[in-house]
Amino acid sequence: MLIDQHAAHERILYDKLSTKNTQVLSQSLLCPIVLDFVPEDFVKISNRLDIFTEIGFEIEEFGYQTYKIISVPSVLKDIKLDVFVTDILKDINKISSVNN
């Protein structure tokens, strides 16, 4: 059996962040990260900003199909945020159905 260690690590981090009993500590970024999205992903984020806020992100719209990440959960210090956000977007429908 093969396991994608990167994906497994991200999933563990997401599960840790989304636990209702855990207070998430956020850390402001010295330089905010600006990410451009395709229209479909931009709409997904717009509709579910609450998911990102619950796990410790501070994200705001920053122009056409662009979001600016201002702060992140402190446990995400050593990962590529663009990849992490993209992975959340891939699973956002599953996340939404679990949280409802």
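All of the points below concern the structure found in this document. (Residues numbered from 1 in each chain as written. Predicted model: local features only at pLDDT ≥ 70, side-chain atom pairs only at ≥ 80, totals over all residues. Heavy atoms only, no water.)

Concerning the sheet that holds strand S3 (residues 66-73)
What links the strands of a sheet is backbone hydrogen bonding, and the strands pair in either a parallel or an antiparallel sense. For the record, the criterion: We call two strands paired when DSSP finds no fewer than two bridges between them. Counting from the N terminus, the helices are DSSP H or I runs at least four residues long and the strands are E runs at least two residues long. Whenever a helix is involved, its axis is fitted only over the stretch in contact; in every case the axis is a line through C-alpha atoms, and angles between N-to-C directions fall within 0 to 180 degrees. What makes two residues a contact is simply this: any of their non-hydrogen atoms within 4.5 Å.
The strand order across the open sheet built from three strands is S1-S3-S2, with neighbouring strands paired in antiparallel fashion. Since the sheet does not close on itself, it has two edges, and those belong to strand S1 (26-36) and strand S2 (58-61), each with one partner. Each strand of the sheet is rotated relative to its neighbour by a mean of 15°, with strand direction disregarded. Across four bridges, S2 lies against S3 in antiparallel orientation. Considered in S3, the bridge of Glu58 is made with Ser71. Packed on one face of the sheet, helix H4 (residues 81-90) meets S1 and S3 and runs near 75° to S1.

Things to note about unusual backbone geometry
Rules: Think of it in three bands: residues with accessible area under 20% of the maximum for their type are buried, residues over 50% are exposed, and the middle band is partly exposed, with areas taken using a 1.4 Å probe on protein chains only.
For Gln65, which is not glycine, the phi torsion reads 55° and is therefore positive. By the element assignment, Gln65 lies in the loop between S2 and S3. On the basis of relative accessible area, Gln65 is assigned to the buried category, the value being 15%.

Focus on the environment of Asp36
Put simply, the rule reads: Polar contact criterion, stated in full: a pair of N or O atoms within 3.5 Å, where within protein one must be able to donate a hydrogen and the other to accept it, and residues adjacent in sequence count only if both atoms are side-chain atoms.
Within the secondary structure, Asp36 is located in strand S1. Considering only alpha carbons, one finds Asp36 and Tyr64, 28 residues apart in sequence, at a separation of 8.2 Å. Contact partners of Asp36, with chain neighbours within four places excluded, come to Gln65 and Thr66. Within the local environment of Asp36, its side chain forms a polar contact with the side chain of Thr66, the two groups lying 2.6 Å apart.

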